[in-house]
Amino acid sequence: MANLLPSQKAALPPAEPSSTSSPSSSTRIFTRAQLARSILDGHVLVIHDWHVYRLNAWLAHHPGGDLAILHFVGRDATDEIEAYHSQDTLERVMPRFRVGVIAEEEREGWVNLTPPVQLGWRHGRREGYTCQGEGKWELLDERGEKVAADEEVHDEKQVEADLASPSHPFKSLPPSSLPPIPLTPASLEPPSPPSPSLSPQRQAEIQRAYRQLHARVKAAGLYTIQRDAYLYEMMRYTALFVAFAALYYNSWFVASGAALGLFWHQVTFVVHDAGHTEITGKLGVDRTLACFIASFIGGLSANWWCDNHDIHHIVTNHPEHDPDIQHIPFFAISTRFFASMWSTYYRRVMAFDLPARFLLPMQHRLYYIVMSLARFNLFAQSYIFLFTKARNDWYRNFEFVGIAIFWLWYGALLRHIPIWPSRLAFLLLSNICASPLHVQIVLSHFARSTEDLGLSECFAHRQLRTTMDVACPAYLSFMHGGLDMQVSHHLFPRVPRHNLRATRDLVVAFAQEQGLEYAEYGFIRGNGQVLDVLREVAQQVKFVGKVAAAEARGQMKGQ
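So, a few notes on the structure that sits alongside this text. (Residues numbered from 1 in each chain as written. Predicted model: local features only at pLDDT ≥ 70, side-chain atom pairs only at ≥ 80, totals over all residues. Heavy atoms only, no water.)

1. Some remarks on the packing of aromatic side chains
How we decide: Two aromatic rings, drawn from Phe, Tyr or Trp (for Trp, its six-membered ring), form a pair once their centres lie within 6.5 Å of each other, and the interplanar angle then sorts them: stacked below 30 degrees, edge-to-face above 60, tilted otherwise. Helical segments are the DSSP runs of H or I of at least four residues, strand segments are the runs of E of at least two, and each set is numbered from the N terminus. Relative accessible area decides the class of each residue, using a 1.4 Å probe on protein chains only: under 20% of the type maximum gives buried, over 50% gives exposed, and in between gives partly exposed. Counting as a charge over the ring demands two things of the Lys NZ or Arg CZ atom: a distance within 6 Å of the ring centre and an angle within 35 degrees of the ring normal.
The final tally for this structure, using the stated rule, is 32 aromatic pairs. The interplanar angle of 40 degrees and the centroid separation of 6.2 Å between the aromatic rings of Phe-379 and Tyr-383 together place this pair among those described as tilted. Of this pair, Phe-379 and Tyr-383 both sit in helix α15 (residues 374–388), 4 residues apart, roughly one helical turn. Residue Phe-379 is classed as buried on the basis of its relative accessible area of 8%. Given the relative accessible area of 21%, Tyr-383 is considered partly exposed. When the ring centre of Trp-264 is taken as reference, the NZ or CZ atom of Arg-375 above it lies at 4.0 Å.

Right, here's the structure in full:
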């Protein structure tokens, strides 16, 4: 990644032995079968602009986490890579990992392979049972070794023929430190697209139009930050903080807690901006700013948020993969959660158990109550991540210091309040008044599609299908912190939030030209749609419960 801190630059892995600096990279041509076979041999191979990148050595260093890479193994990730990375990264860092190209005859109508992580395979073992992996692992014996059927034998012979083909001499990749995956190349083939609109030809057409749109966004200067806009933001943040301090100083503790919560609500948007490197465009500077605000001022972890949020952006609204819609037992926005699915992010089963069966029938009634207390869950998620999952790097240690200092000053505020009812009110209101943020975050996705349309769906199509905007006048946009234009943000996540309104106009025209739905609703109507989805799923939970009860009664009578 470009613009790293000095310590991170020193930690960059060495270039691949066959990167572009070596003549061998120009002669290594991957057919589809060769790409699949290499992936099963433990190589982490991602496609960008038809170049193949081997990212094994980058997994432990990628600022977006290893899972963000693993979701694109065997896939053309050109649009996602260019949306999430600076030009400097594309030109200076990525060529270090280039190991070859996709054969020209394979490019027309290319369909992505299935990443092994989406089949339940990660870190050298099968971790869980995913819907995409159903039936893929059935040809394993009790020791976990392949048992080949006739079609698998044919497939292996075809791969060997491809490897030996004189038209595509294939030089083997260096040995992988990751163990091989006990599947055949045929197991990485995705199912056929569920509708004609998802054909490779139609998706390629949308993809080309999106790339032209991205070029217009760049040409319009929409990646350039409006520095004066942040001056106005700072004035607002300062006013809220001064109001909190003045109210607290004059012993208006309950009101001061509310002011502190509103201050947290607003500065959190800066953490979001910095997490996407929208402020300076420099990863080290922006990530440090995000960690400072999140931990020293808010007691939370920007490292956790970035890890979680990056995955949300690349697999938006996928029930098995997107952590931002995985809220069992409190919420379920799809009946697919009734199947106790495996979460590739949390790496555990999202159990449709007794607590879920009790809470989900009431989820539309409990929605705002749970959301008002959601900040307490952020504390838990932040600390669990820092202690169990975060890399032991400078950012993690910086946040440990920040969180310790947060609890010193916030704890001192609580201790100074003389009576416990006011102390409790301050604690609750300071966290509850920041809770509109949580409603704003899920508003853009909870009422949108959660269907798995397969790996043929292109980046732009997926983001428009799973995301909605919130209609509001420009003078109220600060209340949403850019979350009112989530469609544009998901299509161009590095565009500074103060340029999203201009980007939105281009996106609306793009959607109309391509015959794609652009969803935009007012705040009240959008919330109504979210409640409708929650209510519908709640009714399905009740129905499932009645069916189960009737079956149990029938079995008892039969006995």
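2. Observations concerning the nonpolar core
What counts, and what does not: Only buried residues count toward a nonpolar core. Its members are Ala, Val, Leu, Ile, Met, Phe, Trp, Tyr and Cys residues joined through side-chain atoms within 4.5 Å. We call two residues contacting when some pair of their heavy atoms lies within 4.5 Å.
By size, the foremost hydrophobic cluster in this structure holds 107 residues, and its most contacted members are Leu-35, Tyr-210, Phe-426 and Phe-510. Residue contributions to this core peak at 9 residues, all from helix α10 (residues 253–275). Once you skip the residues sitting within four places of it in the chain, Phe-426 turns out to touch Phe-244, Tyr-248, Phe-253, Ser-256, Gly-257, Leu-260, Tyr-410, Leu-413, Leu-414 and Ile-417. Ile-328, Tyr-367, Met-371 and Val-439 belong to the second-largest nonpolar core, a separate cluster that totals 28 residues.

3. Topic: the packing of α10 against helix α12 (residues 302–314)
Defined as follows: Only the stretch in contact is used when a helix axis is fitted, and all axes are lines through C-alpha atoms; the angle between N-to-C directions ranges over 0 to 180 degrees. Angles below 35 degrees are treated as roughly parallel, those above 145 as roughly antiparallel, those between 65 and 115 as roughly perpendicular, and all remaining angles as oblique. For any helix crossing, the convention is left-handed if the near helix is rotated counterclockwise from the far helix by under a right angle, and right-handed if that rotation is clockwise.
Two numbers describe how α10 lies on α12: the axes approach to 11 Å, and their chain directions differ by 60 degrees. In terms of orientation, α10 lies oblique with respect to α12. As for how α10 packs across α12, the hand of that crossing is right-handed. Note on element contacts: α12 touches α10 through Ala-302, Trp-305, Cys-306 and His-309, opposite Val-271, His-272 and Gly-275.

4. Some details on the side chain of Ser-256
Along the chain, Ser-256 falls in helix α10. Owing to a relative accessible area of 0%, Ser-256 belongs among the buried residues under this scheme. Sequence-distant contacts of Ser-256, defined by excluding residues within four places in its chain, comprise Phe-244, Leu-247, Tyr-248 and Phe-426.

5. Examining the pairing of strand β4 (residues 98–102)
We apply this condition: Strand pairing is assigned whenever DSSP detects at least two bridges linking the two strands.
Most of β4 sits inside the fold, with 4 of its 5 residues counted as buried. As paired strands, strand β1 (residues 29–30) and β4 are joined by 2 bridges and run parallel to one another. Among the inter-strand pairings, Ile-29 is bridged to a residue of β4, identified as Val-101. Two elements, strand β3 (residues 51–54) and β4, share 3 bridges in a ladder whose sense is antiparallel. Looking across to β4, one finds that Val-52 is bridged to Gly-100.

6. Some points on the environment of Arg-365
By the secondary structure assignment, Arg-365 is in helix α14 (residues 363–372). Judged by its relative accessible area of 58%, Arg-365 falls in the exposed class. For Arg-365 and Leu-531, which are 166 residues apart along the polypeptide, the C-alpha to C-alpha distance reads 8.5 Å.

7. Overview of the pattern of salt bridges
What counts, and what does not: Basic side-chain nitrogens of Lys or Arg form a salt bridge, by our definition, when they fall within 4 Å of a carboxyl oxygen of Asp or Glu.
If you walk through the whole model with that rule in mind, you get 19 salt bridges. A salt bridge links Asp-41 to Arg-37; the nearest nitrogen and oxygen atoms lie 3.6 Å apart. Judged by its relative accessible area of 38%, Asp-41 falls in the partly exposed class. By relative accessible area, which is 12% here, Arg-37 ends up buried. In this structure, Glu-127 and Arg-125 form a salt bridge, with 3.8 Å as the shortest nitrogen-oxygen distance. Given the relative accessible area of 15%, Glu-127 is considered buried. One network of salt bridges, in which partners are shared, links Glu-233, Arg-236, Asp-273 and Arg-497.

8. Points about helix α2 (residues 32–40)
Along α2, 9 of the 9 residues are buried, which leaves the element largely enclosed by surrounding structure. Restricting attention to buried positions, one finds in α2 the residues Arg-32, Ala-33, Gln-34, Leu-35, Ala-36, Arg-37, Ser-38, Ile-39 and Leu-40. Trailing α2 by a residue or two, Gly-42 shows a phi angle of about 100 degrees, which is positive.

Don't take any of this as a statement about function, it's just geometry.
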